Amino acid sequence: MSDPSFGIHGKILEIDLSAGYVRVRPLDPSLTADYLGGRGLATRLFYEAVDPASDPLGAENVVVLAPSPLIGTSAPTAARGHMVFKSPLTGFLGTSNSGGGWAWSFKATGYDALVVKGRASSPVWIDITPEKVDVLPAGRMWGKDIHALTDELTTGFEPAARPRVLGIGPAGENLVRFAAVANDRNRVYGRCGPGAVWGAKNLKAVRAAGRMKTRVHDKERYQSGYEQAMHLIRQAPVTKRLLREMGTAGLVELINVIGMLPGRNFQDCTHRDEDLEAVSGETIAKTILERAAGCYLCPIGCQRHTRVGGKGEQAEAGEGPEYETVVLMGPVCDIYDLEAITRANYRANELGLDTISFGSTVACAMELAERGLIPPAELAGLELRFGRAAVLERLAVETAFRRGAGALLADGSFRLAERYGRPDLSMSVKRLEIPAYDPRASFTQALGYMTSPSGACHLRGGYAVSLAFFGGWKEIPRFSLLQSPIAIRNMQNHGILQDSLGVCRFTGYAFGSEPWSRMLAGATGLDFSVARLEEISNRVAALERLFNLEAGAGKLDDALPPRFAETPIIVAGEERAVSVEIQERMRRDYYEVRGWDAEGRPRPDLLGRLRIAGRRP
């Protein structure tokens, strides 16, 4: 194995909150070679440690966090961490990713992964430095929001020595099934409910303060990849201009132009131009933007720091809203009030809610209420209807504390809709709410949602919007049944690679695997050719699938809600839906290109080539 300082420390930090032990165990060099870091390594360590039948909110669930060998170098955007757990929202694999500086700071303490097991008898937090690891009482912190928690654990440090804090807010403490874990105040591991898993473990925060350096093994090789990557980032229109100038909300009007922006709980994709203009990235830039910023080592700078309410008592500042938040809390709820969306977004960030699942669950509740399926008495006096902007901020607070109408929303849209006899009104796959791209407007995106290992996720499923409209050499027709399975497999694999490298998905607008291959091989001194990286991605995809199968998922879970097959939308003057027959064909062909059988099980010969041993057939 290469020198540990060349990107790989060779150590895993394992903490059992039930037994009260902290131990360091060696990282098998073959795991780095086969799974890299980040998502890949975290998935493998998780798979080894967890019974697929375990209760996601029980002590037997395990949380694994991992940076990557590139973190600690100057590689663009290389500061993202990845978290893997069993999701309390879906019951299947939970996989979530975040920017910010925590993963960098943790890596600099000298570890390649953190594994947290068990459940503390009372609230605790973990303090990690290169010299020691402490599990400390967190009773005084319990109940604090993420911003207050971060302030408490970082006050008194000089800027150069300030630690990074990863923690939960009241939503996680109250076991909201889509609660997030946040670092740098507003950078979140949002999807699949990791905050609830932390809350169930009585784990409030993990603070990391490291200053260990990562050396580069082959500076010339690393630099050649780095320079090419930076050049391409500065040339690609999306990374050069759109994200830098308007943030992710710059996509609002673009996604509407291509007929893909959902409204009214995905009942349609029809919006008035003046309504969308009111919540667009351009309007954010003109009206509420204070400054742009970026995550650690990010040359793109898509963060938006905003202020609403003028200068009076109602004025407040925060971060966002991002594209997904704008659309899920906005048009999907038939709301086009930028200030209301922004304030609700601030509350979600502070209290620890995934804004995608929250917005979609609010929209589901609005449709249920309008259909008369939720008795008014159960809404605690709340007038819940599409277009009611005034309810957003209140519902964010009530959901985080599981009180009032928020108690109905706290378990996510599927359980909410199922409670009232209409699970079909939950716009989710595997119980994870669909992001802000309507699958009827792209068969490729539909298949990505269907086959994502974590449920409906544009990132874990493959971001097909880029394939159809600004993918450059990667572009394919968005309604191609022939090309969609291969394209989504490729996009998913590239996403696995990015998550395992600890880099931002937005770099994919500018370049593919080759610059990363040179940077990674140069940094570590190990063989990470493009072909080797593709093999790693296929291995991680197969292992994620095995866990889900062992946890009870099957072919029927790889499907869209009935609305997308039964109710067409108009795209470019033509009615479009994703019929059951189209879903079946795409799913069959996708399984085939993955090397899985007709039921979606990785074939034995594939597992043999990838050197994976499942726990059961």
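The structure presented is a predicted model; accordingly, all values stated were derived computationally and were not measured.

Undergrad: Got a minute to help me understand helix α25 (residues 580-594) in this structure?
TA: In an α-helix, one full turn covers 3.6 residues, which means residues spaced three or four apart are oriented alike. Helix length check: α25, at 15 residues, gives a terminal C-alpha distance of 21 Å against a target of 21 Å (1.5 Å per residue), a fit within 8%. Among all positions of α25, only Ile-582, Gln-583, Met-586, Arg-587, Tyr-590, Tyr-591 and Arg-594 are buried. Seen end-on, α25 carries its buried residues on one side only, within an arc spanning 160°. Among the exposed residues of α25, those pointing more than 90 degrees away from its buried face are Glu-581, Arg-588 and Glu-592. Those residues of α25 that are buried are in contact with α18 (443-451), α21 (484-501), α23 (530-550), α24 (563-566) and α26 (604-610). Immediately downstream of α25, the backbone of Gly-595 shows phi near 85°, a positive value.

Undergrad: Teacher, can you tell me more about helix α7 (residues 219-235) here?
TA: Its 17 residues give α7 an end-to-end C-alpha distance of 24 Å, which sits within 8% of 24 Å, the value for a rise of 1.5 Å per residue. Where α7 is buried, its residues touch α8 (237-246) and α22 (514-524).

Undergrad: I tried to follow the packing of helix α2 (residues 38-49) against α23 on my own but got confused; where do I start?
TA: Relative placement of two packed helices is described by the angle separating their axes and the distance separating the axes. Where α2 contacts α23, the axes come no closer than 10 Å and their chain directions differ by 35°. Pair α2 / α23 crosses with left-handed handedness. Residue-level contacts link Arg-39, Gly-40, Thr-43, Arg-44, Phe-46 and Tyr-47 of α2 to Val-540, Leu-543, Glu-544, Leu-546, Phe-547 and Glu-550 of α23. Here the residues of the contact of α2 with α23 are counted per class, giving six nonpolar, two polar and four charged.

Undergrad: Would you take a moment to explain the domain arrangement of the protein for this structure?
TA: Quoted interface sizes are often the accessible area lost when the parts come together. Taken domain by domain, the protein consists of domain 1 (11-208), domain 2 (248-431) and domain 3 (442-509 + 529-609). Each of domain 1 and domain 2 was reduced to a C-alpha centroid, and the two centroids are 27 Å apart. Taken together, the contact pairs 33 residues of domain 1 with 29 residues of domain 2. Considering only the side of domain 1, the residues that lose the most area to domain 2 are Leu-89, Phe-178 and Arg-187, jointly responsible for 24% of the buried surface there. Applying the counting criterion to the domain 1 and domain 2 interface returns four salt bridges. Arg-191 is paired through a salt bridge with Asp-354; the nearest N and O atoms lie 3.2 Å apart. Elements represented by at least two residues in the side of domain 1 that touches domain 2 include exactly α4 (146-154) and α5 (170-173). Residues belonging to the side of domain 1 that touches domain 2 are distributed by class as follows: 16 nonpolar, eleven polar and six charged.

Undergrad: Please explain the pairing of strand β12 (residues 203-208) as it appears in this structure.
TA: It is a general feature of regular strands that their side chains alternate between the two faces of the sheet. Most of β12 sits inside the fold, with six of its six residues counted as buried. When strand β7 (residues 124-128) meets β12, the two strands line up parallel, connected through five bridges. Paired with Val-124 across the bridge in β12 is Leu-203.

Undergrad: Is there a simple way to think about empty space enclosed by the protein in this case?
TA: Rolled over the atoms, a probe as big as a water molecule pinpoints where empty space is left. According to the stated counting rule, one finds two cavities of 30 Å³ or more in the structure shown. Roughly 90 Å³ of volume is contained in the largest cavity. Lining the largest cavity are 16 residues, with Thr-451, Pro-453, Glu-544, Tyr-590 and Trp-596 sitting closest to its centre. A class-by-class count of the residues in the lining of the largest cavity yields five nonpolar, four polar and seven charged. Here the second largest cavity is characterised by a volume of approximately 60 Å³. Looking at the second largest cavity, the residues that line it are Gly-7, Ile-8, Leu-27, Thr-32, Leu-36, Gly-37, Leu-41, Pro-67, Ser-68, Pro-69, Lys-107 and Asp-112. Partitioned by chemical class, the residues of the lining of the second largest cavity number six nonpolar, four polar and two charged.

Undergrad: Mind showing me how you'd approach the sheet that holds β12 here?
TA: Strands in a sheet are paired, the pairing made by backbone hydrogen bonds, and the direction either parallel or antiparallel. Pairing is mixed across the open sheet formed by six strands, whose spatial order is β8-β7-β12-β9-β10-β11. Either end of the sheet is taken by a strand with one partner, and the two such strands are β8 (133-137) and β11 (187-189). Averaged over all pairs of adjacent strands, the angle between strand axes in this sheet comes to 20°, irrespective of strand direction. Pairing of strand β9 (residues 164-167) with β12, which is carried by four bridges, proceeds in the antiparallel orientation. When the bridges of β12 are listed, Leu-166 appears paired with Val-206. Sitting on the sheet, α4 is in contact with β7, β9, β10 (181-183) and β12, with an inclination near 145° to β9.

Scoring rules and cut-offs
Residues numbered from 1 in each chain as written. Predicted model: local features only at pLDDT ≥ 70, side-chain atom pairs only at ≥ 80, totals over all residues. Heavy atoms only, no water. Helix = DSSP H or I, 4+ residues; strand = E, 2+ residues; numbered from the N terminus. Expected span 1.5 Å × (residues − 1). Buried < 20%, exposed > 50% of the residue type's maximum accessible area, 1.4 Å probe, protein only. Arc of directions from axis to C-beta. Contact = heavy atoms within 4.5 Å. Axes fitted to C-alpha atoms, helices over the stretch in contact; angles between N-to-C directions. Left-handed = near helix turned anticlockwise from the far one by under 90°. Nonpolar A, V, L, I, M, F, W, Y, C, P; charged D, E, K, R; others polar. Domains from an automatic or database assignment. Buried area = accessible area lost by both parts, 1.4 Å probe. Salt bridge = Lys/Arg side-chain N within 4 Å of Asp/Glu carboxyl O. Pairing = 2+ DSSP bridges. 1 Å grid on protein atoms, 1.4 Å probe; cavity = no way out; pocket = protein on both sides within 12 Å on 5 of 7 lines; lining within 4 Å. Points joined across faces, edges and corners; volume = space filled by probe spheres on them.

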